[in-house]
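This is what each chain is made of:
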Amino acid sequence: MITANKNVDGSKVTASLSRTLQFGDSMFPVGAFSFSSGLESAVQEGVVTNAATLRAFARTAVEQAARGDCIALIAAHRAATAGEVDTLARIDAQVYARKLSGEARAMSVRMGKKFTEMGVAVIGAPLLRTWRECIEKSVTPGCYPIALAINFAVQELPAYHAFVVHQYGVTTTILGAALRLMKVSHIETQKILYELAGEAEQMYATAAAARLSDMAGFAPLTEILAAVHTRAHVRLFMN
């Protein structure tokens, strides 16, 4: 976490916080607004009907991410810090392999590619350029958690900040979709966001202590809803 003290350059702390906010902004142009993370099908099938069931759905999503994508994110941050491109590609392949639905894979690689391209344009670090080339040449899928990890590593922003940005993104994608799909207020969605944000530290500790082989997210209903969505007659979101 960012802590200001007499041993830390205050301007560096401020810049780190600002850049964490910039790349974690829900309006950062990577296309997250096009996806609902399965919520659209959940609403259509009557699984999510009110604020209480929305909270449960969002909680499941962040817990699933913490036990899956975020384990890879932390490992990728370490690899990126060491400049180990081959290791990054192996981690990326494992993330992609664990996306059971085609829509989940599409969401991850589209956001990952765009996030990498934006990183190259804004930051211009050599590792980001190398990773973009790997994606363009189909050497690696380019999943979003890996792109986020590399971006933060080249900026010398800690893995914990990347984790928080990832989890915040999972939550806000779902809650933003909820405001367009169901009768729920901004106050209710903000309460859910506030509640789940308070659990980030414990989730990070669990993810950071896990091995890459521990990546797993058992949420069968979520996977079923993703499959249902591909056959929906009316779709507002891409997944």
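Residues numbered from 1 in each chain as written. Predicted model: local features only at pLDDT ≥ 70, side-chain atom pairs only at ≥ 80, totals over all residues. Heavy atoms only, no water.

Chemist: Before we go on, may I ask you to explain the overall build of the protein chain in this structure?
Modeler: Looking only at helices and strands, the protein chain features twelve helices and zero strands. In the protein chain, the succession of α and β elements from N to C terminus is α-α-α-α-α-α-α-α-α-α-α-α. Split into buried and exposed, the 239 residues of the protein chain put 47% on the buried side. Look at the contacts in the protein chain between residues 6 or more apart in sequence, and 78% of them connect residues 24 or more apart. Accessible area for the protein chain stands at about 12100 Å²; split by element, carbon and sulfur atoms hold 56% of it. (Helix = DSSP H or I, 4+ residues; strand = E, 2+ residues; numbered from the N terminus. Buried < 20%, exposed > 50% of the residue type's maximum accessible area, 1.4 Å probe, protein only. Contact = heavy atoms within 4.5 Å. Areas by Shrake-Rupley, 256 points an atom, 1.4 Å probe, with all protein chains shown as cover.)

Chemist: Explain unusual backbone geometry here, please?
Modeler: The general pattern is negative phi for most residues beyond glycine and trans for most peptide bonds. Despite not being glycine, Ser138 shows a phi value in the positive range, around 60°. By the element assignment, Ser138 lies in the loop between α7 (126–136) and α8 (144–154). One non-glycine residue, Glu156, lies in positive phi territory at about 60°. Position of Glu156 among the secondary structure elements: in the loop between α8 and α9 (159–181). For Glu156, a relative accessible area of 65% puts it in the exposed group.

Chemist: What am I meant to see in the pattern of salt bridges here?
Modeler: Side-chain pairing between opposite charges can occur once the charged atoms of the two side chains come close. Under the defined criterion, the tally for this structure stands at six salt bridges. Where Glu199 meets Arg59, a salt bridge forms, and the shortest distance between an N and an O atom there is 2.7 Å. Highlighted residues: Glu199 in the loop between α10 (186–197) and α11 (200–209) and Arg59 in helix α3 (residues 51–67), separated in sequence by 140 residues. Exposure remark for Glu199: the relative accessible area of 24% places this residue in the partly exposed category. Residue class for Arg59 comes out partly exposed when judged on its relative accessible area of 21%. (Salt bridge = Lys/Arg side-chain N within 4 Å of Asp/Glu carboxyl O.)

Chemist: I would appreciate a short explanation of the packing of aromatic side chains in the present structure.
Modeler: Here the distance between the centres and the angle between the planes together describe a pair of aromatic rings. Here the structure, examined in full by the defined rule, presents six aromatic pairs. A ring pair is formed by Phe163 and Tyr204, whose centres lie 5.4 Å apart and whose planes are at 70°; its orientation type is edge-to-face. Remark: Tyr204 occurs in helix α11 and Phe163 occurs in helix α9; sequence separation between them is 41 residues. Directly above the ring of Tyr96 sits Arg105, whose terminal nitrogen or CZ lies 6.0 Å from the centroid. (Phe/Tyr/Trp six-rings, centres within 6.5 Å; stacked < 30°, edge-to-face > 60°. Lys NZ or Arg CZ within 6 Å of the ring centre and 35° of its normal.)

Chemist: Which parts of the structure should I look at to understand the side chain of Gln167?
Modeler: Residue position: Gln167 is located in helix α9. For Gln167, the side chain forms a polar contact with the side chain of His166, separated by 3.2 Å. When neighbours within four sequence positions are excluded, Gln167 is seen to be in contact with Val62, Ala65, Ala66, Cys70 and Met203. (Polar contact = N/O pair within 3.5 Å; in protein donor to acceptor, adjacent residues only side chain to side chain.)

Chemist: Please clarify how the side chain of Thr173 should be interpreted in this entry.
Modeler: Take Thr173: it is sitting in helix α9. Residue Thr173 is classed as buried on the basis of its relative accessible area of 11%. Reaching out from Thr173, the side chain makes a polar contact with the backbone oxygen of Gly169 at a distance of 2.8 Å.

Chemist: Could you clarify how one ought to interpret α3 in this entry?
Modeler: Residues lying three or four places apart along an α-helix face the same way, a consequence of the helix completing one turn every 3.6 residues. Between its terminal C-alpha atoms α3 stretches 24 Å, which fits the 24 Å expected from 17 residues at 1.5 Å a residue. Regarding α3, the residues found buried are Ala51, Leu54, Phe57, Ala58, Ala61, Val62, Ala65 and Ala66. For α3, the capping residue at the N-terminal end is Asn50, with a side-chain oxygen 3.2 Å from the backbone nitrogen of Ala52. (Expected span 1.5 Å × (residues − 1).)

Chemist: Help me understand the nonpolar core in this model?
Modeler: Most often, soluble globular proteins keep nonpolar side chains buried together rather than apart. By size, the foremost hydrophobic cluster in this structure holds 69 residues, and its most contacted members are Leu39, Leu54, Leu88 and Ile146. The dominant element in this core, judged by the number of residues it contributes, is α9, at ten residues. In this structure, Leu88 is in contact with Ala76, Ala79, Ala80, Leu127, Trp131, Ile146 and Ile150, ignoring residues within four places of it in sequence. (Core = buried A, V, L, I, M, F, W, Y, C linked by side-chain atoms within 4.5 Å.)

Chemist: Would you take a moment to explain the packing of α3 against α9 for this structure?
Modeler: Two packed helices can be described by the angle between their axes and the distance between those axes. Where α3 meets α9, the closest approach of the two axes is 10 Å, and the angle between their N-to-C directions is 150°. Classified by the angle between their axes, α3 and α9 sit roughly antiparallel to one another. When you trace α3 past α9, the crossing you get is right-handed. Of the residues in α9, those touching α3 at Leu54, Phe57, Ala58, Ala61, Val62, Ala65 and Ala66 are Phe163, His166, Gln167, Val170, Thr171, Ile174, Leu175 and Ala178. Broken down by class, the residue content of the contact of α3 with α9 amounts to twelve nonpolar, three polar and no charged. (Axes fitted to C-alpha atoms, helices over the stretch in contact; angles between N-to-C directions. Parallel < 35°, antiparallel > 145°, perpendicular 65-115°, else oblique. Left-handed = near helix turned anticlockwise from the far one by under 90°. Nonpolar A, V, L, I, M, F, W, Y, C, P; charged D, E, K, R; others polar.)

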